[in-house]
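# Secondary and tertiary structure notes
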Amino acid sequence: MTNASRAASRTIRGWLVRRSALAILMLLIVSFLIFCATQALPGDVALIVLGKEASADQVQMVRQQLNLDQPVLVQYLRWLTALLQGDFGTSLVSRVPVTDILLPRIMNSFFIVTLSMAVAVPVSLALGVLTATRKDGLADRTIMAGSIMVNALPEFVLGLFLVLLLSTSVFHVFPAVSLLSPGKPIWTQTDRLAMPVITLILLQVTYLYRLVRGTVIDVLQTEYVQFAALKGMSPRRILFRHVLPNALVPAIQAAGTIFAFSVGGVVVIEYVFGFPGLGTALADAVGMRDIPVVQAAVLVISVTFFVVNIITDIVSFMLTPPGRGGRN
Amino acid sequence: MSDKRTIEYLTTTRRNFLLGTTGAVLSLGVLPGSLAFAADDAVTLRVAATGSNADSLDPHRTQGQITDIVRFMNIYDGLSEYNPDASVGLSLAESFTPNADSTEWTLKLKAGIKTHDGKDFGADDIIFSVKRILDKEHPTKGSALISFIDPANVTKVDAATVLFKLKDPYGPFPDVWANRYLRMVPVGFDPAKPVGTGAFKYVSFTPGRESVFERFDDYFREKAKVKTLQIVNISDAAASINALRGGQVDMAYKIPFAEARIIVADQAMKLLNNPSAMAIPIYMRTDVEPFKDVRVRQAFRLIANREQMVKVALAGYGAVGNDVQGRSIAPCGPTPIEQRKQDIAQARKLLDEAGKAGLTIDLVTVNGTSGMVECAQVFAEQAKAAGVTINVKVTEEAAYLANYGNWTFGVDFLSDAYLPVVARSLLPGGTFNTSHWNDADFNALYKKAVSISNVDQRCDVIHDMQKAEYERGGNIIWGFANTLNAYKAGLAGIEPYVVDSPFYHLRKVSFA
């Protein structure tokens, strides 16, 4: 390794350390804010556990058992101390470790989002380049109209439409609901993932390809691309050597955001397909005021955003030509 | 990174990175996957119901989610059980024998009852279960139902006989044990390795996902007709119906009224319309203004166009109510009281007399069961004709529960036979007594009713209680909602239940 590359690595390392320190601070703030927000919500987990039949004495007893009778700050510090020791706590409602509840769901969510992105990103790139190079042509207009239509539909309508089309009414190709067997790894049950994955792909591609299209159109109009064309460089070479790498950066940033959002934010899709993901676990936990589960789920989603941002920044950094905004 | 060599390094890395990631992404994009359906196992009955991560195998310490109830009704038994028409039959019990004044009840168990682990089930197990249900340290849903029992006064007579000595007479003693929250478990019961006496025994359980059970071949009565029972959690009603239509499940519990026509229109599915005892009362607190005055309560009851509420809020899947709890069900039959009808002029007159003309009030409701929000909205519209402004406040469940019992004007739902509903919702101290009704005559009638063990005599008193409810109660009981379930055409042994559900008796279900 040369001195220069060592220097570059050191710079990246320093930047990573700074970003990580900032992220940990941010996570602390987020966790405290979420804790405060759950306290501000009306309702009591003891009442949720016991239901409407509960007497005041029973509620009080459960509150004591769950340490809910202690000051909020004490509860938060107790949670934080345990977290620093690697203990995410125990669900107040189901009384099982939070990790037992969330770990399979985290894996499920990451798996289908990764799978959908693995298809959506290359498809978006291809469609984006195709429609940008045929701007205002029939293919461009048709794909654009389809994409706007898909994006305009609420997620659950799109999901239900796909169920009617592919599962229950027109074709019977895929199972309508993702009934995953808990005992088997998710990657051995891909047939049951088809519907949520297809829905995610459609939502991701229709957004991402328009971004790629727009950026490619912008790059195609730059002076250096026009110069390359005047120089006699082949259109294919211009496209793949000069246009695509420069058009990728915004797409990568957007793909990262979509990935992080999809991990915890596709609750509606999870409900429509009965998919046991992180989003529904969080929504259910909020409904039941199960604070340790809410805290852990939010933490996972926050960490995902942080890690994905770091990765997309590094990737963008790698892709950006040094003379055009790469780190100096 | 101004160094030229650094730029070279990064440029080279950029190209390599592009090539590398493109290859990796493309290889991921074509991940293989078998997209064929798994073959259906005709000996496995697959049931979809709503639950959550708080799912439990403990029949006593449960949040009472549908998945929990379906599970424990099929793996444990009660001493008695509801028949489809809401009459009570005996289950584990061979007989209940009272003394002259119903203060002592002798329970005799059936012979040959085995637990899933092969042991004999007997008197010790009953005493253990009763103590477990009444354990004050670990509150259970069933404790309020049998709070009249002192566990210290439950004694073993012999291996199959238990004596209950009560402080006060309790006539409907055999009936109370039919309640779903009073399942019997063997001594040393551990919910982590659940053992019961039911028609199905435990195989696996993943909270919030699924649970699997297999037929218990030593069951003390007719064995289950399917070999395996799989209960899967599906929260969304549309997903539940889609799973049924797509052949992924055989029975679906949660069918909203609005979706019923989808099931009816599809020949591959059957709708089960249970005429349940579930009332969706609009309650008025009788101890605070403006409902302290019985004229205001009666005026509000006269505002209700009950036929319209059943038609709109329940999509017609229900029956009109008459401000009296308990649908016309066994054992007492229809209520001999004239049906109350909408009378806006009389409602206005009563409000005028009470000095409450032009009243404005909030009506609190929650998306608890189908019809709870809709009935409030329809009622608010109907109230305009009487010059009453009702602002419907739809709350989140936790927020609703946080102030449960304190709302002045709200919507609730209750499902049970008459006397248990009265104990919980119409007597002082009842946890569901949202109207805070405390009527001395009514309370005395209840005391009298529960002291009578003769059913006909008890029904006479119950009719008097219903009259008191009709005349001065705090609930607008505008209708009773049916419970809708759906199942795959071709299943046999499914019949409608009034208090229970066919999902609680899955041993009777078979593939035709």
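Residues numbered from 1 in each chain as written. Chains lettered and ligands numbered in written order. Predicted model: local features only at pLDDT ≥ 70, side-chain atom pairs only at ≥ 80, totals over all residues. Heavy atoms only, no water.

Attention now goes to the overall build of chain B. When helices and strands are counted, chain B shows 14 helices and 22 strands. Seen through its principal axes, chain B has C-alpha atoms that stretch 95 × 65 × 50 Å. Counting the 512 residues in chain B, one finds 56% classified as buried. Considering only contacts in chain B between residues 6 or more positions apart, those separated by 24 or more positions represent 71%. Total accessible area on chain B is roughly 20100 Å²; 51% of this is exposed by carbon and sulfur atoms. Taking the 56 positively charged and 58 negatively charged side chains of chain B as two groups, their mean positions are separated by 4 Å. (Helix = DSSP H or I, 4+ residues; strand = E, 2+ residues; numbered from the N terminus. Buried < 20%, exposed > 50% of the residue type's maximum accessible area, 1.4 Å probe, protein only. Contact = heavy atoms within 4.5 Å. Areas by Shrake-Rupley, 256 points an atom, 1.4 Å probe, with all protein chains shown as cover. Lys, Arg positive; Asp, Glu negative; His and termini not counted. Charge placed at Lys NZ, Arg CZ, Asp CG, Glu CD.)

Between two aromatic rings, the relevant description is the distance of the centres plus the angle of the planes. Residue and element names in this part refer to chain B. Considering all chains together, one arrives at 25 aromatic pairs over all chains under this definition. For the pair F300 and F409, a centre-to-centre distance of 5.5 Å together with 80° between the ring planes defines the contact as edge-to-face. In this pair, F300 is assigned in helix α7 (residues 294-303) and F409 in strand β17 (residues 409-411), connecting sequence segments 109 residues apart. Classification of F300 by relative accessible area gives buried; the value is 0%. Their ring planes at 20° and their centres at 6.4 Å tell us that Y400 and W407 sit as a pair that is stacked. Given the relative accessible area of 2%, Y400 is considered buried. Within the aromatic cluster, the residues linked to one another by ring pairs are F96, W105, F148, F164, Y170, F173 and W177. Against the face of Y181 rests K141, its NZ or CZ located 6.0 Å from the ring centre. (Phe/Tyr/Trp six-rings, centres within 6.5 Å; stacked < 30°, edge-to-face > 60°. Lys NZ or Arg CZ within 6 Å of the ring centre and 35° of its normal.)

Residue and element names in this part refer to chain B. Averaged over all residues, the pLDDT of chain B equals 89, while 91% of them reach at least 70. Counting interchain partners and residues more than four positions distant, the pLDDT-below-50 stretch residues 1-14 has 26 contacts. Here residues 17-41 is modelled with pLDDT under 50, and outside its nearest four sequence neighbours on either side it reaches 32 contacts, counting other chains as well. The complex model carries a pTM of 0.83, and its ipTM stands at 0.80. (pLDDT = per-residue confidence, 0-100.)

With that out of the way, let us pick up a nonpolar patch on the surface. Residue and element names in this part refer to chain A. There is a patch of nonpolar side chains on the surface, built from L22, L25, I29 and L33 and spanning about 410 Å² of accessible area. Here L33 shows up in helix α1 (residues 3-40). On the basis of relative accessibility, which here comes to 53%, the residue L33 falls in the exposed class. (Patch = residues over 30% accessible without salt bridge, like charges linked within 9 Å, V, L, I, M, F, W, Y side chains within 5 Å. Salt bridge = Lys/Arg side-chain N within 4 Å of Asp/Glu carboxyl O.)

Side chains of residues three or four places apart in an α-helix project in the same direction, reflecting 3.6 residues per turn. In this model helix α13 (residues 291-319) of chain A runs 41 Å from its N-terminal to its C-terminal C-alpha over 29 residues, within 8% of the 42 Å that 1.5 Å per residue would give. In terms of burial, α13(A) is largely enclosed, as 22 of its 29 residues are buried. (Expected span 1.5 Å × (residues − 1).)

Turning our eyes to something else, we now look at the packing of α7(B) against helix α14 (residues 455-472) of chain B. To describe two helices that pack against each other, one gives the angle between their axes and the distance between the axes. Residues and elements named next belong to chain B. Two elements in contact, α7 and α14, have axes separated by 8 Å at closest approach and are oriented at 95°. In terms of orientation, α7 lies roughly perpendicular with respect to α14. Between α7 and α14, the residues in contact are V294, R297, Q298 and R301 and E469, Y470, E471 and R472, respectively. Of the residues contributing to the contact of α7 with α14, the split by class is two nonpolar, one polar and five charged. (Axes fitted to C-alpha atoms, helices over the stretch in contact; angles between N-to-C directions. Parallel < 35°, antiparallel > 145°, perpendicular 65-115°, else oblique. Nonpolar A, V, L, I, M, F, W, Y, C, P; charged D, E, K, R; others polar.)

All names here are of chain A. The domain boundaries assigned to chain A delineate domain 1 (3-84) and domain 2 (98-324). Measuring from the centre of the C-alpha atoms in domain 1 to the corresponding centre in domain 2 gives 29 Å. Both sides of the domain 1 and domain 2 interface together cover about 1700 Å² of buried area, and 76% of this is carbon and sulfur. Counting the surface domain 1 buries against domain 2, the share from its top three residues, R19, L27 and W79, is 26%. The partner of R19 in a salt bridge is D313, and the shortest N-O contact between them spans 2.5 Å. Scanning the region where domain 1 abuts domain 2 turns up two residue pairs in polar contact (both at pLDDT 80 or more). Looking at the side of domain 1 that touches domain 2, the elements with two or more residues in it are α1, α2 (45-50) and α4 (72-84). Residue contributions to the side of domain 1 that touches domain 2 peak at 13 residues, all from α1. Considering only residue class, the side of domain 1 that touches domain 2 consists of 15 nonpolar, five polar and one charged. (Domains from an automatic or database assignment. Buried area = accessible area lost by both parts, 1.4 Å probe. Polar contact = N/O pair within 3.5 Å; in protein donor to acceptor, adjacent residues only side chain to side chain.)

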